[in-house]
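Below are the chains, spelled out letter by letter.
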Amino acid sequence: MAYTYDTNNIFAKILRGEIPCNKVLETEHSLAFHDVRPQAPAHILVIPKGPFVTFDHFALEASDAERADFVAAIGTVCRDLGIQPGEGGAGYRVIANSGDHGVQEVMHLHVHILAGRMLGRMLAKPGE
Ligand code: DGP
């Protein structure tokens, strides 16, 4: 089954400049901005500019340049936040919610970078 991209999703509107965002980084193929509902002192979303729905969609169908740019953008945000464990930072978590079981709300690939507090166990069962 092919991926279907909805051009009216909220991050597509941010990319078109129709909705504002609190931008932290823009590269040729990627954009990073603060999550509007932060769940940690630092909560940044990194998105590709291309029309990709999920992480697997991007991983399988993006160009090498888009993939390299996206991964580098995530690294740059981590470096700029000072959260790299190998560089004296306290660490972070990267999450890409995908599809129904991933509880993906916005159907444009985004990676959450969460940091600034102890993040606890990786997963909790619904209701925990
Ligand atoms: P999810 O699709 O479940 O991985 O989470 C979507 C995230 O997007 C959620 O943490 C809130 C955030 N979000 C939703 N709408 C907006 C918006 O208009 N602006 C920003 N900056 N973030 C948004």
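Note that the coordinates shown come from a computational prediction; the quantities given were computed from them, not determined experimentally. (Residues numbered from 1 in each chain as written. Predicted model: local features only at pLDDT ≥ 70, side-chain atom pairs only at ≥ 80, totals over all residues. Heavy atoms only, no water.)

Visitor: Any chance you could explain the overall build of the chain here in plain terms?
Guide: Counting secondary structure elements, the chain contains three helices and five strands. For the chain, the succession of helices and strands along the chain, N to C, is α-β-β-β-α-α-β-β. Taken over the C-alpha trace, the chain has a radius of gyration of 15 Å; the compact-globule value for 128 residues is 14 Å, and the two agree within 12%. With respect to the principal axes defined by its C-alpha atoms, the chain has extents near 40 × 35 × 30 Å. Buried residues in the chain amount to 37% of all 128 residues. For the chain, the proportion of contacts with a sequence separation of at least 24, taken over those separated by at least 6, is 54%. Only carbon and sulfur atoms are counted for the fraction: they give 55% of the accessible area of the chain, which is about 8000 Å². Of the charged side chains in the chain, 11 are positive and 15 negative, and the gap between their average positions amounts to 7 Å. (Helix = DSSP H or I, 4+ residues; strand = E, 2+ residues; numbered from the N terminus. Rg over C-alpha atoms; globule rule 2.2 N^0.38 Å. Buried < 20%, exposed > 50% of the residue type's maximum accessible area, 1.4 Å probe, protein only. Contact = heavy atoms within 4.5 Å. Areas by Shrake-Rupley, 256 points an atom, 1.4 Å probe, with all protein chains shown as cover. Lys, Arg positive; Asp, Glu negative; His and termini not counted. Charge placed at Lys NZ, Arg CZ, Asp CG, Glu CD.)

Visitor: How do you make sense of the environment of Val 111 when you look at a structure like this?
Guide: With respect to the element layout, Val 111 can be found in strand 5 (residues 111-115). Separated by 11 residues in the primary sequence, Val 111 and Met 122 place their C-alpha atoms 15 Å from one another. Beyond its immediate stretch of four places on either side in the chain, Val 111 contacts Ile 44, Leu 45, Val 46, Phe 70, Ile 74, Val 94, Ile 95 and Ala 96.

Visitor: I'm lost on the site of the ligand in this one. Help?
Guide: Near the ligand you find 16 residues, and of these Asp 35, Asn 97, Glu 105, His 110 and His 112 are the closest. Between Val 106 and the ligand, the recorded distance is 3.0 Å, taken from a backbone N or O atom to an oxygen atom. Within the side chain of His 110, a nitrogen or oxygen atom sits 2.7 Å from an oxygen atom of the ligand. Relative to its unbound accessible area of 510 Å², the ligand is 89% covered by the protein chains. (Near = heavy atom within 4 Å. Polar contact = N/O pair within 3.5 Å; in protein donor to acceptor, adjacent residues only side chain to side chain.)

Visitor: Looking at this structure, I do not really get the nonpolar core. What am I missing?
Guide: Ala 32, Val 46, Phe 58, Phe 70, Ile 74, Val 77 and Ile 113 are the most contacted members of the largest nonpolar core, which has 18 residues in total. Those elements that place two or more of their residues in this core are strand 3 (42-48), helix 3 (64-81) and strand 5. Broken down by element, the residue count for this core peaks at five residues, all from helix 3. Leaving out residues up to four positions away in the same chain, Ile 74 has contacts with Val 46, Val 111 and Ile 113. (Core = buried A, V, L, I, M, F, W, Y, C linked by side-chain atoms within 4.5 Å.)

Visitor: What should I look at first to understand the sheet that holds strand 3 in this one?
Guide: Within a sheet, adjacent strands bond to each other through the backbone by hydrogen bonds, running parallel or antiparallel. Spatially, the five strands line up as an open sheet ordered 1-2-3-5-4, and their pairing is antiparallel. In this open sheet, the two strands that pair with only one neighbour each are strand 1 (23-26) and strand 4 (92-95). Direction aside, the axes of adjacent strands within the sheet are offset by 20° on average. Contacting strand 1, strand 2 (30-34), strand 3, strand 4 and strand 5, helix 3 crosses the sheet at an angle of about 160° to strand 3. (Pairing = 2+ DSSP bridges. Axes fitted to C-alpha atoms, helices over the stretch in contact; angles between N-to-C directions.)

Visitor: Explain the side chain of His 112 to me, please; I cannot follow it from the model alone.
Guide: Mapped onto the elements of the fold, His 112 is located in strand 5. Not counting residues within four places of it along the chain, the set of residues in contact with His 112 comprises Asp 35, His 43, Ile 44, Leu 45, Arg 93, Val 94, Ile 95 and Asn 97.

Visitor: I would appreciate a short explanation of the pattern of salt bridges in the present structure.
Guide: A pair can form between side chains of opposite charge whenever their charged atoms are brought close. Within this structure, the stated rule accounts for six salt bridges. Measuring nitrogen to oxygen at the nearest pair gives 2.5 Å for the salt bridge that ties Asp 64 to Arg 67. With Asp 64 and Arg 67 both in helix 3 and three residues apart, this pair spans about one turn of that helix. Judged by relative accessible area, which is 57%, Asp 64 ranks as exposed. Residue Asp 80 pairs with Arg 79 through a salt bridge whose shortest N-O separation is 3.8 Å. Where salt bridges share partners, they join Lys 23, Glu 26 and Lys 49 into one cluster. (Salt bridge = Lys/Arg side-chain N within 4 Å of Asp/Glu carboxyl O.)

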